[in-house]
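Single-letter residue listing:
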Amino acid sequence: MSHPNTALADPPPEAAEAQARRAGTALGYHQRTKHTLKAYAAGPETLDWDAQPDPFRTYDGAPARALPLTARALDTRFCDLFGSDAPPPAPLGRDSVAALLELSFGLSAFKQLGPDRWAVRANPSSGNLHPTEAYVLARGVAGLDDGVHHYVSRDHALERRARLAPGPARLLIGLSSVAWREAWKYGERAFRYCQLDTGHALGALIHAAAALGWRVRLVPAGAGALAALLGLDRAADFAGGAEREDPELLAEILVGAPAPEGLPALAADPDWRGHANLLDRHPLYRWPVIDAVSVATAAPDAAPQPEAGPARPVAPPAPPPPDGGGAVRAAALILGRRSAQRFDTRAMLPAADFFRLLAALDPGAPAFSVWDFAPRLHPVLFVHRVEGLPRGVYALPRRPGMAGTLKAAMRADFDWSPAPGAPDHLPLFCLAEADARGVARTVCCHQAIAGDGAFSLALLAEFAPLVARDPWRYRQLHWEAGLLGQALYLAAEAAGIRGTGIGCYFDDEVHRLLGLAGADLQSLYHFTVGTPLDDPRILSEPAYAGRPL
């Protein structure tokens, strides 16, 4: 998605003042929601898990249509998703759209531990709370009514919300966030997690589309226009206290020939149907700062332009694993993805697998072809158990020239020597050799999982100057972080191991550890990878038991 190119002309004084206020709100929100060693960001003092908000949004009164379960019939291998052996584009129709939704936003299993039972989805989420809602805009798709549809992952069904105006065939996916789902557990920090989840959802959509031989293009859309298109601005449809949704992004699914650009139009008489269900009947807390930062970072309705910046490098594709997960069917790997809960502290990760995982983060990788931006997220890695690599702290700058910027901003005693054995196209630097397991655990809110795996990482964002110029970039930087996390999740599965996103960390302790001062660079997300240890007490059941395939 592009954003207004503010460098083309200076905004009028009133607009500049409004932008400065919005940027101040975004930067102030980020600062106040940092966890510290002395105190966590403001959140609920107690949780009643029996009163958790409904994890599934529905629109009561909207005509619903069940979709077939078609994803597991796809023959595409995961290692062929973006290579020369990628499948030809699947015909655009109800069954292929059903597979797209199943692989990106559908349920992948039900889990049970004692009396507790919960759903797992193809797209991961902070705390498995799933604030992201998906909308399908279909026109000229065989077997589907032209219109705006809401996807209900619980039922693998579409609810028809409104009619679209006639025009060429198109398929678009709109994403929104229900912030209360995250705020119920995480309080003020929840807005960050909603944005990370949007990035994960976009990554899930990109990989699901690739399994069908399709591509994804982000469609520039201001928040107001997108809310109107998805029906999120219709107050009457959210009457009775139903939690509102925040518009995030709009993605076009490209099937073969280029599709028209711009936003589709609603019919002259859209015939809106359905009223949003109430997710939480007894909310105990309110977090007004979330509403404030949402308004401050909303995408502007001005015509966006691509960002001027350094060209994205094109890296050679990473070779698939010689054995194991890369050759498995993409659908099985995507639907089998899980977040690791514990790691085997004795397992070593082969260096080839480690470098293959890092190649998945390269901005030249096909998964990042949707990005109209220079890469702004740069991993700092805590390597614990990788064959052939000394334990220590490493950095992976993701765009040309950034190594010098990071070196100047970080501790003067860091080494910055090339990592032994790293491929030529992978700019991995060793900053310091050390056993960083204890440090990794400490900065990640004392979570053992950050030090028990093969490696963990912090994603450093080029931050304050970007957000000051365009407050919407606050969302978009988190989306990039979530997209990187999703690439790691799936690459880890392909290597026969697992990853886990970590949203709880002591922000400024990470910065102090690296010698960073000010807010030009900020850690936005942490992630950890290793050999998982399964809990045999947790039972797994099929996602849609009893549904015909």
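We now turn to the structure provided with this report. Quantities reported herein were computed from a predicted structural model and do not represent experimental measurements.

## As for the packing of aromatic side chains
Then, number 1: Under the criterion given, the structure shown has 18 aromatic pairs.
Then, number 2: Relative to W184, the ring of W49 lies with its centre 5.1 Å away and its plane at 80°, an arrangement referred to as edge-to-face. In this pair, W49 sits in the loop between α1 (13-32) and β1 (59-60) while W184 sits in helix α3 (residues 179-186), placing the two residues 135 residues apart along the sequence.
Then, number 3: A relative accessible area of 9% places W184 in the buried class.
Then, number 4: A ring pair is formed by F354 and F455, whose centres lie 5.1 Å apart and whose planes are at 80°; its orientation type is edge-to-face. Of this pair, F354 sits in helix α8 (residues 351-359) while F455 sits in strand β16 (residues 455-462), and the two are 101 residues apart along the sequence. Here F354 matches F455 in class, with each residue buried.
Then, number 5: Taken together, Y29, F191, F463 and Y474 form an aromatic cluster joined through their ring pairs.
Then, number 6: Across the ring face of Y505, the terminal group of R189 is positioned such that the distance to the ring centre comes to 4.9 Å.
Then, number 7: Sitting above the plane of the W180 ring, R286 keeps its charged end 5.9 Å from the centroid.

## A short note on empty space enclosed by the protein
Once rolled over the atoms, a probe with the size of a water molecule shows which space is left empty.
Then, number 1: Counted by the stated rule, this structure contains three cavities of 30 Å³ or more.
Then, number 2: Lining the largest cavity we find 13 residues, and of these R121, T132, E133, Y151 and S153 sit closest to its centre.

## Describing the environment of I449
Then, number 1: Locating I449 in the fold gives a position in helix α11 (residues 449-452).
Then, number 2: For I449, a relative accessible area of 12% puts it in the buried group.
Then, number 3: Considered as a pair, I449 and T345 are 104 residues apart in the sequence and their alpha carbons are 9.6 Å apart.
Then, number 4: Not counting the four nearest positions on each side in its chain, I449 is found in contact with A340, Q341, R342, F343, T500, I502 and T528.

## Overview of the environment of D95
Then, number 1: Along the polypeptide, D95 turns up in helix α2 (residues 94-104).
Then, number 2: Residue D95 is classed as partly exposed on the basis of its relative accessible area of 38%.
Then, number 3: Those residues in contact with D95 that sit more than four places away from it in its chain are P68 and T70.
Then, number 4: There is a polar contact of 2.9 Å between the side chain of D95 and the side chain of R94.

## A word on the side chain of R121
Then, number 1: Looking at where R121 falls in the secondary structure, it is placed in strand β4 (residues 116-121).
Then, number 2: Although R121 lies buried, it forms no salt bridge, and the closest oppositely charged side chain, E133, sits 5.5 Å away as judged by the N-O distance.
Then, number 3: There is a polar contact of 3.2 Å between the side chain of R121 and the side chain of S153.
Then, number 4: Leaving out residues up to four positions away in the same chain, R121 has contacts with P55, F56, F105, G106, L107, S108, H130, S153 and R337.

## What about α3?
Then, number 1: Among the residues making up α3, those that are buried are W180, R181, E182, A183 and W184.
Then, number 2: Along its buried surface, α3 packs onto β5 (132-139), α4 (190-211) and α6 (288-296).
Then, number 3: Where α3 ends, the next residue or the one after it, G187, has phi of about 65°, a positive value.

## Describing the sheet that holds β4
Then, number 1: Overall, antiparallel pairing links the three strands, which are arranged β4-β3-β19 in an open sheet. Pairing within the sheet leaves two strands with one partner each, and these edge strands are β4 and β19 (539-541). Each neighbouring strand pair of the sheet contributes to a mean axis angle of 30°, computed without reference to strand direction.
Then, number 2: Bridge count between strand β3 (residues 107-113) and β4: six bridges; the pairing is antiparallel. Residue pairing in the sheet places A109 in a bridge with V120 of β4.

## Overview of the state of the cysteines
Then, number 1: Overall, the coordinates contain one disulfide when judged by the stated rule.
Then, number 2: Its sulfur unpaired, C194 is 16 Å from the next cysteine sulfur, which belongs to C504.

## With respect to unusual backbone geometry
Then, number 1: Positive phi outside glycine occurs at N128, with the angle close to 55°.
Then, number 2: Secondary-structure assignment places N128 in the loop between β4 and β5.
Then, number 3: Here H130, not a glycine, exhibits a phi torsion of approximately 55°, which is positive.
Then, number 4: Relative to the helices and strands, H130 is located in the loop between β4 and β5.

## Observations concerning the pairing of strand β6 (residues 147-152)
Then, number 1: β6 sits mainly inside the fold: six of its six residues count as buried.
Then, number 2: Residues G147, H149 and Y151 line one face of β6 and the alternating positions V148, H150 and V152 line the opposite face, and both faces are buried.
Then, number 3: If you look at the hairpin formed by β6 and strand β7 (residues 157-162), you'll find four residues sitting between the two strands, and H156 has a positive phi there, around 50°.

Rules of the game
- Residues numbered from 1 in each chain as written.
- Predicted model: local features only at pLDDT ≥ 70, side-chain atom pairs only at ≥ 80, totals over all residues.
- Heavy atoms only, no water.
- Phe/Tyr/Trp six-rings, centres within 6.5 Å; stacked < 30°, edge-to-face > 60°.
- Helix = DSSP H or I, 4+ residues; strand = E, 2+ residues; numbered from the N terminus.
- Buried < 20%, exposed > 50% of the residue type's maximum accessible area, 1.4 Å probe, protein only.
- Lys NZ or Arg CZ within 6 Å of the ring centre and 35° of its normal.
- 1 Å grid on protein atoms, 1.4 Å probe; cavity = no way out; pocket = protein on both sides within 12 Å on 5 of 7 lines; lining within 4 Å.
- Points joined across faces, edges and corners; volume = space filled by probe spheres on them.
- Contact = heavy atoms within 4.5 Å.
- Polar contact = N/O pair within 3.5 Å; in protein donor to acceptor, adjacent residues only side chain to side chain.
- Lys, Arg positive; Asp, Glu negative; His and termini not counted.
- Salt bridge = Lys/Arg side-chain N within 4 Å of Asp/Glu carboxyl O.
- Pairing = 2+ DSSP bridges.
- Axes fitted to C-alpha atoms, helices over the stretch in contact; angles between N-to-C directions.
- Disulfide = S-S within 2.5 Å.

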